[in-house]
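These are the residues of each chain, in order.
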Amino acid sequence: MNFSDFKLDDRINQGIESIGFEKPTPVQELAIPEILSGNDLIACAQTGTGKTAAYVLPLLHGILTQKERSGNIKALIIAPTRELAVQIDQQLEGFSYFAPVSSIAVYGGGSGTDFEVEKKAIKTGAEVLIATPGRLISHINSGYVNFDRLKYLILDEADRMLDMGFQPDILKIISFLPKNRQTLLFSATMPSDIRAFAKKILNNPNEINLAVSKPAENVLQAAYMAYDNQKIALVKKLITGKELPSVLIFSATKASVKDLERELLRLKMNVKAIHSDLEQEQRKEVLRQFRNREIQVLVATDIVSRGIDIDDISLVINYNVPQDAEDYVHRVGRTARADKTGVAITFINQKEVRNFTNIEKLIGSEIRKLPLPPEIGEGPDFNTRSPHKRRFVKRRPGRKGN
Ligand code: ADP
Ligand code: MG
């Protein structure tokens with residue numbers, strides 16, 4: 001199949017060509033016609049398989065071919081982090097380079113001037129808003145956001161947007177939108193309780209499910225059993241002397257991310273940290289440096305685990321086992337994007353074995369446990385220690401501020 005088969009507006013095809021996409025990915029093949037036909041949709045496909053273009057292209061087509069092209073918001077795309085909102089806006093601008101569609105990313109943390117710029121764009125007719133929920137609500141509360149002509153609502157990272165942390169904001173935003181609209185949900189994971197809830201805000205949706213909750217095909221996954229006090233030495237061992245231009249290390253909390261940055265700086269590594277205690281400008285700058293390979297190692301909370309597309313991250317390290325099994329899929333999905341390959345290594349301490357087996361259950365396969373290098377000593381055993389299987393009830397913590 002080719003992009004031309006979708007019969008998109010020529011100006012969009014020009015955009016696709018100039019970006020250099022040759023063939024649609026599987027999720028694009030399935031989702032684009034579905035969206036063009038006007039249905040609501042829940043689309044799940046692995047990380048890095050082109051979900052952004054799968055909704056942006058038909059959305060641009062829909063806007064360009066509307067009879068009435070007066071200003072006002074036609075589409076609202078909601079994403080969980082500022083960085084992702086910006087990234088989506090950049091992709092959209094690329095595709096619409098030859099087409100007159102205006103867009104603005106609306107996200108928190110910037111200066112008062114930024115807020116004024118957003119306000120002006122909203123008032124003077126940006127057709128596509130890409131927003132984080134909190135910031136959008138601030139604008140809505142100020143009274144000038146007019147959704148009367150809105151046709152599309154898209155939740156990117158939809159299961160995150162509908163989990164406990166964001167759900168109240170999303171429901172509030174939806175209460176301001178016209179009922180007669182097309183709603184599209186995209187994610188790589190979709191826990192069944194959230195899928196059931198999602199159907200309440202969708203109108204008779206179709207579903208596309210391509211390898212839900214499976215890490216991208218080309219991620220080589222492995223794990224080490226390690227005590228916390230062995231982990232720094234293990235990071236050092238994994239990184240030093242190797243040809244690894246970009247390494248992303250996830251840790252659970254802001255405090256642990258800052259600690260780890262300090263420890264790795266002490267080892268003279270080229271490292272920086274990203275977490276929500278940084279000013280927005282700093283977050284932007286750190287991510288820019290990491291993208292440009294001025295920084296080799298980025299230590300991060302889950303603020304970059306969802307959606308962020310960075311070329312050629314060769315190694316992802318989970319310094320701890322993520323609490324939510326879904327987070328594992330998203331974290332390791334920062335590598336091996338768009339048919340590339342990558343390695344993801346998880347450190348499991350003696351208390352995290354059960355969480356790790358939950359991840360293995362979710363992804364439907366066992367992840368290989370490697371022996372620690374001898375100089376690091378013996379790690380704990382991988383042993384679930386539960387002859388009487390207890391049912392494990394998974395908590396899904398809502399969280400916005402990593
Ligand atoms: P997802 O949202 O599924 O994680 P993205 O939309 O971020 O994935 O896309 C991942 C990467 O793949 C991006 O760098 C994007 O430019 C690239 N990509 C998307 N679609 C195609 C395509 N049809 N051909 C080539 N590259 C593509
Ligand atoms: Mg995405």
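So, a few notes on the structure that sits alongside this text. (Residues numbered from 1 in each chain as written. Chains lettered and ligands numbered in written order. Predicted model: local features only at pLDDT ≥ 70, side-chain atom pairs only at ≥ 80, totals over all residues. Heavy atoms only, no water.)

### A few points about the pairing of strand 3 (residues 103-106)
1) Next: Of the two faces of strand 3, both are covered, the one formed by Ser-103 and Ala-105 as well as the one formed by Ile-104 and Val-106.
2) Next: Relative to strand 4 (residues 128-131), strand 3 runs parallel, the two sharing four bridges. Along strand 4, the bridge assignment pairs Ala-105 with Ile-130.
3) Next: Note that the unit made of strand 3, helix 5 (residues 112-123) and strand 4 has a crossover that is right-handed. (Buried < 20%, exposed > 50% of the residue type's maximum accessible area, 1.4 Å probe, protein only. Helix = DSSP H or I, 4+ residues; strand = E, 2+ residues; numbered from the N terminus. Pairing = 2+ DSSP bridges. Right-handed = clockwise from strand over helix to strand, strands pointing away.)

### Some details on the packing of aromatic side chains
Here a ring pair, both rings aromatic, is described through the centre-centre distance and the interplanar angle of the planes.
1) Next: According to the stated counting rule, one finds eight aromatic pairs in the structure shown.
2) Next: Seen in terms of ring centroids, Phe-3 and Phe-6 are 6.1 Å apart; in terms of plane orientation they differ by 65°. Their pairing is edge-to-face.
3) Next: By relative accessible area, Phe-3 is classed as buried at 5%.
4) Next: By the ring-pair criterion, three or more aromatic residues cluster together here, those being Phe-3, Phe-6, Phe-21 and Phe-95. (Phe/Tyr/Trp six-rings, centres within 6.5 Å; stacked < 30°, edge-to-face > 60°.)

### Comments concerning the pattern of salt bridges
1) Next: Scanning the entire structure with this criterion turns up 25 salt bridges.
2) Next: Linking Lys-254 and Asp-277 is a salt bridge whose minimum nitrogen-to-oxygen distance equals 3.3 Å. Placement of Lys-254 in helix 11 (residues 254-266) and of Asp-277 in the loop between strand 10 (271-274) and helix 12 (280-291) is noted, with a sequence separation of 23 residues between them.
3) Next: Across the salt bridge formed by Lys-369 and Glu-360, the nearest N and O atoms sit 2.7 Å from each other.
4) Next: On the basis of relative accessibility, which here comes to 9%, the residue Glu-360 falls in the buried class. (Salt bridge = Lys/Arg side-chain N within 4 Å of Asp/Glu carboxyl O.)

### Overview of the sheet that holds strand 10
1) Next: Read across the sheet, seven strands follow the order 10-11-9-12-13-8-14 without closing on themselves; strand pairing throughout is parallel. Both edges of this open sheet fall to strand 10 and strand 14 (368-370), since each of them pairs with a single strand only. Each adjacent strand pair in this sheet contributes to an overall mean axis angle of 25°, direction not counted.
2) Next: Relative to strand 12 (residues 315-318), strand 9 (residues 247-250) runs parallel, the two sharing four bridges. (Axes fitted to C-alpha atoms, helices over the stretch in contact; angles between N-to-C directions.)

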